[in-house]
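Here is what each chain is made of, one letter per residue.
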Amino acid sequence: YNEVVHRRHALLPDIQNSNKWRILLKAIQEEVMSTPGLRLPGCLDLVLKHLAFAKQRMDSVADPLAKVCLMLMPIALLLALVGSDERHTKSQRERAREILSKMQPKFLHAMAVSADWGLICINFLRLFDASDHDISKSQDELEGFKETVRCLFVNGGVFHSLPPPTSASGDADDANVSFITDRVRRQTLKKSVFRCGGQQVVAWGPLKEDDLRELALSTRTAAAVMLQRLDADFSGLRKHFSCSVSYTHLTLPTTP
């Protein structure tokens, strides 16, 4: 979070606040998409013009963070370019080389899990971000969200690929649906070497089993704490005035 979002001159703020960086990133994306050898499996299929967000809003980071995860090659090339360009200040070149060197498997997978976590939580929060939310639906919505969190983050489902769609009538785009974490896994299966100034930086590569276990354990712990907090926050009147859909169906007597 500090390296990508929070600290001064973190990756996202630097891209957002620099018109030159945005233009460079757009041009690099176009070059990558027109060069099959540079395209990574699971990467973004279109060119993004910006990664705008407002850090003070807790729900604004998930979307640009997910976009970063889908464009690892363009961003790595941007950092390598900045780190090699003598026209930039020494501090800028060093920051670019530093963040590029941090783009290792564990770092990138943690970023992807964070993006998946944020997107799923925002989807739940948006249900209540309305003036006319039906309080009677709260319990079912909460249980659905909790089950999603248990499946993905407690049981580790986010680290697995989604099964192919089984419905013949499903949307054609369903075959491309996957978690951000799975897309990062596919993009980082093979190591890449970038020349950054006078250095060669080896980025990403397959995630080690030990790193996967550590990341899964940290995610499981955080998810368990969040579920406990949800049970506490949704107690009281919100729970008393809610009802389950399975108990709201009425069977009317047949008129003779």
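Residues numbered from 1 in each chain as written. Predicted model: local features only at pLDDT ≥ 70, side-chain atom pairs only at ≥ 80, totals over all residues. Heavy atoms only, no water.

Thoughts on the overall build of the protein
Scanning the protein for helices and strands turns up 11 helices and 2 strands. In sequence order, the secondary structure elements of the protein are arranged as α-α-α-α-α-α-α-α-α-β-β-α-α. Across the 256 residues of the protein, 41% fall into the buried class. In the protein, of all internal contacts separated by at least 6 residues, the share reaching a separation of at least 24 is 67%. Carbon and sulfur atoms provide 55% of the accessible area of the protein, an area that totals close to 15,200 Å². (Helix = DSSP H or I, 4+ residues; strand = E, 2+ residues; numbered from the N terminus. Buried < 20%, exposed > 50% of the residue type's maximum accessible area, 1.4 Å probe, protein only. Contact = heavy atoms within 4.5 Å. Areas by Shrake-Rupley, 256 points an atom, 1.4 Å probe, with all protein chains shown as cover.)

Some words on the packing of aromatic side chains
Following the criterion strictly, the structure yields 4 aromatic pairs and no others. Each ring, one from Trp117 and one from Phe153, has its centre 5.0 Å from the other, and the planes form 40 degrees; the classification is tilted. A residue pair is termed long-range when its members are at least 10 positions apart, and Trp117 in helix α7 (residues 105–128) and Phe153 in helix α8 (residues 138–154) qualify at 36 residues. Where Phe194 meets Trp204, the ring centres are 5.6 Å apart and the plane angle is 75 degrees; that geometry is what we call edge-to-face. In this pair, Phe194 is assigned in strand β1 (residues 192–196) and Trp204 in the loop between β2 (199–203) and α10 (209–233), connecting sequence segments 10 residues apart. (Phe/Tyr/Trp six-rings, centres within 6.5 Å; stacked < 30°, edge-to-face > 60°.)

Here's the deal with the nonpolar core
Leu51, Leu79, Leu100, Met103, Met111, Phe194 and Trp204 are the most contacted members of the largest nonpolar core, which totals 44 residues. Of all the elements, helix α5 (residues 72–84) adds the most residues to this core, at 8 residues. Aside from chain neighbours lying at most four places away, what touches Met103 is Leu72, Ala76, Leu79, Leu108, Ala203 and Trp204. Counting residues in each nonpolar core, the second largest holds 20 residues, with Phe159, Met226, Leu227 and Phe234 among its members. (Core = buried A, V, L, I, M, F, W, Y, C linked by side-chain atoms within 4.5 Å.)

Here we look at unusual backbone geometry
A positive phi is found at His9, a non-glycine position, where the angle reads about 65 degrees. Turning to its location among the elements, His9 is positioned in the loop between α1 (2–6) and α2 (11–17). Look at Trp204: it is not a glycine, yet its phi comes out positive at around 45 degrees.

What about the pattern of salt bridges?
Under the definition given, this model contains 17 salt bridges. For the salt bridge of Arg95 with Asp14, the shortest nitrogen-to-oxygen distance reads 4.0 Å. Of the two residues, Arg95 is situated in helix α6 (residues 90–101) and Asp14 in helix α2; the sequence distance between them amounts to 81 residues. Across the pair Arg87 and Asp85 runs a salt bridge whose closest N-O atoms are separated by 2.9 Å. On the basis of relative accessibility, which here comes to 13%, the residue Asp85 falls in the buried class. One network of salt bridges, with partners in common, ties together Glu3, Arg7, Glu98 and Lys102. (Salt bridge = Lys/Arg side-chain N within 4 Å of Asp/Glu carboxyl O.)

Digging into α10
Taking 1.5 Å of rise per residue, 25 residues should cover 36 Å, and α10 covers 36 Å from first to last C-alpha, within 8% of that figure. Taken together, the buried positions of α10 are Leu215, Ala216, Thr219, Ala223, Met226, Leu227 and Leu230. Against the buried residues of α10 lie α7 and α8. (Expected span 1.5 Å × (residues − 1).)

Concerning the side chain of Asp85
You can see Asp85 is positioned in the loop between α5 and α6. Within the local environment of Asp85, its side chain forms a polar contact with the side chain of Arg87, the two groups lying 2.9 Å apart. (Polar contact = N/O pair within 3.5 Å; in protein donor to acceptor, adjacent residues only side chain to side chain.)

Some words on the environment of Phe145
For Phe145, the location among the structural elements is in helix α8. For Phe145, a relative accessible area of 7% corresponds to the buried category. Sequence separation of Phe145 and Phe124 is 21 residues, and the distance between their C-alpha atoms is 6.7 Å. Sequence-distant contacts of Phe145, that is, excluding residues within four places in its chain, are made with Ile120, Cys121, Phe124, Met226 and Leu230.

A short note on the pairing of β2
One ladder, built from 5 bridges, connects β1 with β2; its direction is antiparallel. Paired with Ser192 across the two strands is Ala203, which belongs to β2. As consecutive antiparallel partners, β1 and β2 are separated by 2 residues, and within that stretch Gly197 has a phi angle of approximately 65 degrees, a positive value. (Pairing = 2+ DSSP bridges.)

Section: the confidence of the model for the protein
Confidence in the prediction for the protein averages 85 pLDDT; 86% of positions are at 70 or higher. Per-residue pLDDT, averaged within each element of the protein, yields its smallest value for helix α11 (residues 237–240) (61) and its largest for helix α9 (residues 180–187) (95). Taken together, the stretch residues 245–256 has pLDDT below 50 and engages in 2 contacts with residues farther than four places along the chain or on a different chain. (pLDDT = per-residue confidence, 0-100.)

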